[in-house]
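For reference, the chains in residue letters:
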Amino acid sequence: MLKIKTDKLNELYSRIAESEALYLPINKANAANYDEWTSEAEVSLTTLKTVKSPKDLFFPQTQDMMRFKTEGKNISIIDVRSPEQPFVLMGVKACDFKAFEVLDRVFLSDPVDTYYKAKRDAGTIVTLACGKPEESCFCKVFGIDATSPMGDVTTWICGDELFWQPNTEKGKALTERVKDLFAEGDDAAVKEQQQKTKEIIEKLPFSNLDLSYFEENGVNDIFNRPEWQDLSEGCLACGTCTFVCPTCQCFDVKDYKTNKGVIRYRCWDSCMYSDFTQMSHGNNRTTQMQRYRQRFMHKLKYYPENNDGLYSCVGCGRCVNKCPQRLNIVKVAKTLGGKK
């Protein structure tokens, strides 16, 4: 294990950025999100939760897919893709790293989404263990160890030092480029921090959220629960929960006409919107209750049934913090699980 003083981190950032783009949690307009590092950036590496998750680096909120050029009745397709340049994503927490497993099963299954795959292949992920989880966190429910995230490199901040442990070939290659900035260290401080963090996690209000109801009951039984109506009554259909969620993967594909042709792009979409998956005949989910139910049935039942029990939630707690009506996944699990 290697270590570096936290007051030397700008040297580390600068070294990494010499050869590839570096993305970190950066403060802008009183909010932290992942952005490309520059020497003027206000890095907030210890921010527990960025507003948007780092999935944006692999599955962007908007992404051009192709262009069409029309000449009379002739249409030519222009591939707008260029080779993805290597980049490093640093500061990813355990919950957000686990979310990549959910996204990978969607985008890397046959047929492979080549846009997503190109970015996954180009990226090196450096995770950061949590030191001070919040009351809205519940990653433990999904078997995630916030004190020991994986990734290509795992890091821990203990006092005034950052500890660094490469895990994969990508991680070892990155380590070789920056190794001279580090000193050798043991894991005593890391183990002490891990123990303290685990003690905090055990005391968090949602750490022992019971999901057994969703494992023990069938789709129809859960789908037909009358509580869905009351649960969804206050939903504003704002879509905030889906846009801050690190595992949501729904998108729309649109065409935009310019004076040079047509751009086809995709953008994030939300199952909470009334026009989601709408076609010429209309929409088969006509009420907000149906849309609300769809979101949480997918997270807690549909996805795990089709993915070896893997939930489409990682307990990051962003929806707990951001839903203006407090209609989050914890409330759904408690309401349905508590009334069998």
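Owing to the predicted nature of the structure, the values given are computational and were not obtained by experimental measurement. (Residues numbered from 1 in each chain as written. Predicted model: local features only at pLDDT ≥ 70, side-chain atom pairs only at ≥ 80, totals over all residues. Heavy atoms only, no water.)

Engineer: How would you explain the sheet that holds strand E4 (residues 62-71) if you had to name every residue and give the values?
Structural biologist: Ordered in space as E5-E4-E12-E11, the 4 strands form an open sheet in which the pairing is antiparallel. The open sheet has two free edges, formed respectively by strand E5 (74-78) and strand E11 (251-258), since each of these has just one partner strand. Across the sheet, the mean angle from the axis of one strand to that of its neighbour is 25°, orientation sign disregarded. As defined by bridge partners, E4 adjoins strand E12 (residues 261-268) across 6 bridges and the pair is classed as antiparallel. Within E12, the position partnered with Arg 67 by the bridge is Ile 263. In the packing of helix H3 (residues 114-122) onto the sheet, the strands contacted are E4 and E12, and the crossing angle to E4 comes to about 130°. (Pairing = 2+ DSSP bridges. Helix = DSSP H or I, 4+ residues; strand = E, 2+ residues; numbered from the N terminus. Axes fitted to C-alpha atoms, helices over the stretch in contact; angles between N-to-C directions. Contact = heavy atoms within 4.5 Å.)

Engineer: Which residues make up the sheet that holds strand E10 (residues 183-184), and what values go with them?
Structural biologist: Pairing is mixed in the open sheet, where 8 strands are placed in the order E3-E2-E6-E7-E8-E9-E1-E10. Strand pairing shows two members of the sheet lacking a second neighbour, strand E3 (31-36) and E10, which therefore form its edges. As judged from the 6 bridges shared by strand E2 (residues 21-28) and E3, these two strands associate in the antiparallel manner. The partner of Leu 24 across the bridge, within E3, is Asp 35. In the packing of H3 onto the sheet, contacts are made with strand E6 (87-92) and strand E7 (123-128), and the angle to E7 comes to roughly 65°.

Engineer: How would you sum up unusual backbone geometry? Please name residues and give values.
Structural biologist: One can expect most non-glycine residues to show negative phi and most peptide bonds to be in trans. Of note, the bond from Asp 110 into Pro 111 is cis; its omega dihedral lies within 30 degrees of zero at 0°. Within the secondary structure, Pro 111 sits in the loop between helix H2 (94-107) and H3. One non-glycine residue, Ala 237, lies in positive phi territory at about 60°. When you line up the elements, Ala 237 lands in the loop between helix H8 (227-232) and helix H9 (240-244). For Ala 237, a relative accessible area of 26% corresponds to the partly exposed category. (Buried < 20%, exposed > 50% of the residue type's maximum accessible area, 1.4 Å probe, protein only.)

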